[in-house]
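Here's the letter readout for the chains.
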Amino acid sequence: MLFKGKGSAEELGEPVIRASICTGERVIGFRKEGKLTKGEIVRSDKDIEAFCKKYKIDKSSVKTVY
């Protein structure tokens, strides 16, 4: 099967925002075993809120990593 369901946040890993020190680009997704999955580009705080709503997670649980 090419596309699987969204899955729960617990199954997917820890929610993180990966930010670039050089360019400032931000990607939000789930980190599990050092790999980022379900990554989405963050252009504004609305993107973060939409991601949290989509996966039913609290915005305060999302950490930023560099």
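The coordinates are above.
In what follows, the accompanying structure is described.

Rules and cut-offs
Residues numbered from 1 in each chain as written. Predicted model: local features only at pLDDT ≥ 70, side-chain atom pairs only at ≥ 80, totals over all residues. Heavy atoms only, no water. Helix = DSSP H or I, 4+ residues; strand = E, 2+ residues; numbered from the N terminus. Areas by Shrake-Rupley, 256 points an atom, 1.4 Å probe, with all protein chains shown as cover. Core = buried A, V, L, I, M, F, W, Y, C linked by side-chain atoms within 4.5 Å. Buried < 20%, exposed > 50% of the residue type's maximum accessible area, 1.4 Å probe, protein only. Salt bridge = Lys/Arg side-chain N within 4 Å of Asp/Glu carboxyl O.

Regarding its fold elements, the protein chain presents two helices and four strands. In the protein chain, the order of α-helices and β-strands from amino to carboxyl end is α-β-β-β-α-β. Accessible surface, the protein chain: about 5000 Å² in total, of which carbon and sulfur atoms supply 53%.

Turning to the nonpolar core, a few remarks are in order. Membership of the largest hydrophobic core is limited to eleven residues, which are Leu 12, Ile 17, Ile 28, Phe 30, Val 42, Ile 48, Phe 51, Cys 52, Tyr 55, Ile 57 and Val 62. Those elements that place two or more of their residues in this core are strand S2 (26-32) and helix H2 (45-55). It is H2 that contributes the most residues to this core, four residues altogether.

Attention now moves to the pattern of salt bridges. Evaluation of the coordinates by the stated rule reveals four salt bridges. Across the salt bridge formed by Arg 31 and Glu 14, the nearest N and O atoms sit 2.9 Å from each other. Here Arg 31 is found in strand S2, whereas its partner Glu 14 is found in strand S1 (residues 14-19), with 17 residues between them in sequence. Overall, Arg 31 belongs to the partly exposed group, its relative accessible area being 28%. On the accessibility criterion, Glu 14 (28% relative accessible area) is partly exposed. Put simply, Lys 63 and Glu 14 hold a salt bridge, and the shortest N to O gap is 2.9 Å. Of the two residues, Lys 63 sits in strand S4 (residues 63-65) while Glu 14 sits in strand S1, which places them 49 residues apart along the sequence.

From the geometry alone we can't say anything about function, so treat these as descriptive.
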